[in-house]
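The primary structure of each chain is shown beneath.
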Amino acid sequence: MENNRNWAGNLSYSAAELLTPENKSQLQEMVAQSGSRIKALGTRHSFNGIADSAGTHLSLQKMNRVLELDRENNKVTVEGGIRYGELSEYLHANGYALHNLASLPHISVAGACATATHGSGDRNGNLATAVSAMTLIKADGEAVKLTRGQPDGSFEGAVVGLGALGVVADLTLDVVPSFEVSQRLYENLPLAMLERYFEAIFTSAYSVSLFTDWKRPVFNQVWLKHRTEDGIGYDAPLFFGAPLATEKLHPVPGISAENCSEQLGAPGPWYDRLPHFRLNFMPSAGEELQSEYFVPRHHAYDALLAIDSLREHIAPLLYISEVRSIASDDLWMSPCYGQQTVAVHFTWKADWEGVRQVLPLIEKKLEPFQAKPHWGKLFTMPADRVRPLYEKLPDFLKLREQFDPQGKFRNDLLDAYL
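A brief look at the structure comes next.

Scoring rules and cut-offs
- Residues numbered from 1 in each chain as written.
- Predicted model: local features only at pLDDT ≥ 70, side-chain atom pairs only at ≥ 80, totals over all residues.
- Heavy atoms only, no water.
- Pairing = 2+ DSSP bridges.
- Helix = DSSP H or I, 4+ residues; strand = E, 2+ residues; numbered from the N terminus.
- Axes fitted to C-alpha atoms, helices over the stretch in contact; angles between N-to-C directions.
- Core = buried A, V, L, I, M, F, W, Y, C linked by side-chain atoms within 4.5 Å.
- Buried < 20%, exposed > 50% of the residue type's maximum accessible area, 1.4 Å probe, protein only.
- Contact = heavy atoms within 4.5 Å.
- Polar contact = N/O pair within 3.5 Å; in protein donor to acceptor, adjacent residues only side chain to side chain.

### Comments concerning the sheet that holds strand 2 (residues 38-40)
Consideration 1: If you trace the three strands from one edge of the open sheet to the other, you get 1-3-2, paired in parallel fashion. The sheet is open, and its two borders are formed by strand 1 (17-19) and strand 2, each paired with just one other strand. Each strand axis lies, on average, 25° off the axis of its neighbour in the sheet, ignoring direction.
Consideration 2: Note: strand 1 against strand 3 (residues 56-58), three bridges, orientation parallel.

This is the structure:
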């Protein structure tokens, strides 16, 4: 298959062909006629093999339209291939917003929701929590509409479907009236401040991100994103001892901040402030690897101390690490199911051999805190440690059997971890 690598370049896909349907009917036909394994590819932002297939890949890049804006019920229906950047610009032009966005606006809606990607803010669920309905193409090509609140719970099981149930043809998302955000940064917040002031720090803005390179027990930067309608927000010269930044900064030390969203308190539209990076610029550090672990909120400070004890192992391999809070949800395979959660994200240098050796050290330190790895990023935790962390996994497996009895959407990673 031509161009068979993921976005980061660390993974070569196994699929022999790539199909690009232009509408739902074509998609149904392609899935039904596939005699072997088949999977949707998304925007290639997964760092492991969760989207890989030994048979055929489907790209929904041509199925990227807005299908309906329901102003009466505050919902938008989109095809599965649309990216958050394009959807956000459309919504803003029509007076609407999404409650949350990822650090990168370049990822597809269907792919992000299928892996419970991103969340930032104590009251903000991950991206999948905005889904209120979806159309899933089963292995036999049948289109099934699932809606929030179905008595059998299949909707809550299918939203974070990991690509294991079928191909998402379209999704309906909850939207809110458009809003403005201002962003302020502070520098050098001591890790020890979180022991006493964790709640105050993470409730200080609509979205809070702490960045560290783990070279010392300090967060190099604190990013506070405030909804302007909630007031000015935190703009004091000090934030729990950390001074206010006086120039625009990139999370990774030494990289130009030109690619980053606007800072220094300048208000702007939600879609241009909630992501860390601007749509038309190279995201993040460029050539990189990523890992992310989710821990229950009440374990967060101790988990961070445990990671800090590995500083000398982590820092040489790392571009930057981000810590965020995420609201609980009721989606079966979400790492935030039933619990307020804190995510610790690692953006690694493109040194897989080094990262492969340090990940088990991190995972061992995080084991007492029931840490779950991000489904689409790099981890080495064995399946017998991951599976017990998902209490709804038995129900999810029954749902998979219902949607894909012949295993058309299975692959090596799903076989191992489900």
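### Observations regarding the nonpolar core
Consideration 1: Counting 103 residues, the largest nonpolar core has Leu194, Leu210, Ile314, Met333, Phe346 and Trp348 as its most contacted members.
Consideration 2: With six residues, helix 6 (residues 300-308) is the single largest residue contributor to this core.
Consideration 3: Setting aside chain neighbours within four positions, we find Trp348 in contact with Glu288, Leu289, Gln290, Ser291, Ile314, Leu317, Leu318, Tyr319, Val355, Val358, Leu359 and Ile362.

### Quick word on the sheet that holds strand 9 (residues 167-174)
Consideration 1: Spatial ordering of the open sheet is given by 4-5-9-7-8, a layout of five strands whose pairing is antiparallel. Both edges of this open sheet fall to strand 4 (66-70) and strand 8 (143-147), since each of them pairs with a single strand only. Taken pair by pair, the neighbouring strands of this sheet meet at an average axis angle of 15°, ignoring direction.
Consideration 2: The sheet contact formed by strand 5 (residues 75-79) and strand 9 spans five bridges and is antiparallel. Across the sheet, residue Thr77 finds its bridge partner in strand 9, namely Thr172.

### Focus on the side chain of Arg273
Consideration 1: Residue placement: Arg273 occurs in the loop between strand 16 (268-269) and strand 17 (289-296).
Consideration 2: Separated by 3.2 Å, the side chain of Arg273 and the backbone oxygen of Pro267 make a polar contact.
Consideration 3: Not counting the four nearest positions on each side in its chain, Arg273 is found in contact with Val181, Gln183, Lys225, Ser261, Glu262, Ala266, Pro267 and Gly268.

### Quick word on helix 6
Consideration 1: Burial of helix 6 is extensive: seven of the nine residues sit out of reach of the surface.
Consideration 2: Listed in full, the buried residues belonging to helix 6 are Ala300, Tyr301, Ala303, Leu304, Ala306, Ile307 and Asp308.

### Description of unusual backbone geometry
Consideration 1: In this structure, Asn74 is a non-glycine residue whose phi angle is positive, near 55°.
Consideration 2: Topologically, Asn74 is positioned in the loop between strand 4 and strand 5.
Consideration 3: A positive phi is found at Gln370, a non-glycine position, where the angle reads about 55°.

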